[in-house]
Amino acid sequence: MELEIIRSYHPQGTNGMLYYKSSLQCYTIELPWQHNAPQQSCIPEGRYRLMIRYSQKHKTHFILDDVKDRGLILIHPANDALKELRGCIAPVTTLAGEGKGSNSKLAFEKLKGLIISNIRDAPVYLTIKST
C-alpha cells in the first residue's frame with residue numbers, strides 16, 4: 001500500500017494533503033521545517049514504511065520506520081502542530097491555518113481504518129514530497 005503526502009511549508013507549520021490511489025483521504029499538519037532538528041521540525045521528504053504502534057497516551061497509532069537522524073516519528077491525532085506535535089504527523093479533517101486543523105480524531109480514525117485493513121496483507125509506505 002502506498003500513501004502520499006503533498007506538503008506546503010509555512011513559518012508556523014507545514015500543511016499537507018494525504019492521498020491513497022490519487023484520492024484525497026485527509027489533510028495533515030506538522031511542525032515547520034527546521035532542518036530536521038529533533039522535536040522542532042517536520043521530517044525530511046522521502047519514503048517511509050509505516051508500522052503499527054501502541055502506547056497508553058495514543059493507543060493504536062503508527063510509527064515511521066528509518067527516519068534519518070530521528071526517532072519516534074508518529075502519526076497520531078492533534079489539531080495544533082506547535083502545541084501538540086514534536087516532529088510527528090497529525091491527520092486533520094480540515095485545515096485551519098499554518099500547522100493547524102480541526103477534527104483530527106475523526107480524520108485519524110478514518111486513516112487508521114484504511115491502513116489497518118491493508119497492513120496485514122503487505123507493507124504500507126508513506127511518501128512525503130512538496131508541491
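Report on the accompanying structure. (Residues numbered from 1 in each chain as written. Predicted model: local features only at pLDDT ≥ 70, side-chain atom pairs only at ≥ 80, totals over all residues. Heavy atoms only, no water.)

Turning next to the side chain of Arg70. Mapped onto the elements, Arg70 comes out in the loop between strand 5 (59–64) and strand 6 (74–75). Despite being buried, Arg70 has no salt bridge partner; Glu30 is the closest side chain of opposite charge, sitting 7.9 Å away. Side chain to side chain, Arg70 and Asn36 meet in a polar contact 2.6 Å long. In this structure Arg70 touches Asn36, Ala37, Pro38, Gln39, Ser41, Cys42, Ile43, Arg86 and Gly87, once residues within four positions along its chain are discounted. (Helix = DSSP H or I, 4+ residues; strand = E, 2+ residues; numbered from the N terminus. Buried < 20%, exposed > 50% of the residue type's maximum accessible area, 1.4 Å probe, protein only. Lys, Arg positive; Asp, Glu negative; His and termini not counted. Salt bridge = Lys/Arg side-chain N within 4 Å of Asp/Glu carboxyl O. Polar contact = N/O pair within 3.5 Å; in protein donor to acceptor, adjacent residues only side chain to side chain. Contact = heavy atoms within 4.5 Å.)

The next subject is the sheet that holds strand 7 (residues 90–92). Read from one edge of the open sheet, eight strands run 6-5-4-10-1-2-3-7, paired in mixed fashion. Unpaired on one side and paired on the other, strand 6 and strand 7 mark the two borders of the sheet. Pairing of strand 2 (residues 13–20) with strand 3 (residues 23–30) involves seven bridges; the strand directions are antiparallel. Within strand 3, the position partnered with Asn15 by the bridge is Ile29. Lying on the sheet, helix 2 (residues 104–119) is in contact with strand 1 (2–10), strand 2, strand 3, strand 4 (46–55), strand 5, strand 6, strand 7 and strand 10 (124–130); it crosses strand 5 at an angle near 70 degrees. (Pairing = 2+ DSSP bridges. Axes fitted to C-alpha atoms, helices over the stretch in contact; angles between N-to-C directions.)

On to the nonpolar core. Judged by nonpolar contacts, the single largest core of 24 residues is most densely connected at Leu3, Leu50, Leu64, Ile75, Ile115 and Leu126. For this core, the elements supplying multiple residues, two or more each, are strand 1, strand 2, strand 4, strand 5, helix 2 and strand 10. The dominant element in this core, judged by the number of residues it contributes, is helix 2, at six residues. If sequence neighbours within four positions are ignored, Leu64 has contacts with Ile43, Tyr48, Arg49, Leu50, Ile73, Leu74, Ile75, Ile89 and Leu126. Of all hydrophobic cores here, the second largest spans 10 residues; its members include Ile29, Leu31, Ile63 and Val92. (Core = buried A, V, L, I, M, F, W, Y, C linked by side-chain atoms within 4.5 Å.)

We now examine the side chain of His61. Tracing the chain through its elements places His61 in strand 5. A polar contact is formed between the side chain of His61 and the backbone oxygen of Lys59, at a distance of 2.8 Å. With sequence-adjacent residues up to four places away left out, His61 is seen in contact with Met51, Ile52, Arg53, Tyr54, Ser55, Leu74, Ile75, His76 and Phe108.

What follows is about the pattern of salt bridges. With the rule as written, the count across this model stands at six salt bridges. A salt bridge links Glu30 to Arg7; its shortest N-O distance comes to 2.7 Å. Remark: Arg7 occurs in strand 1 and Glu30 occurs in strand 3; sequence separation between them is 23 residues. Across this residue pair, the class does not change: Glu30 and Arg7 are buried. In this structure, Glu109 and Lys112 form a salt bridge, with 3.4 Å as the shortest nitrogen-oxygen distance. With Glu109 and Lys112 both in helix 2 and three residues apart, this pair spans about one turn of that helix.

Distances and angles like these do not, on their own, reveal function.
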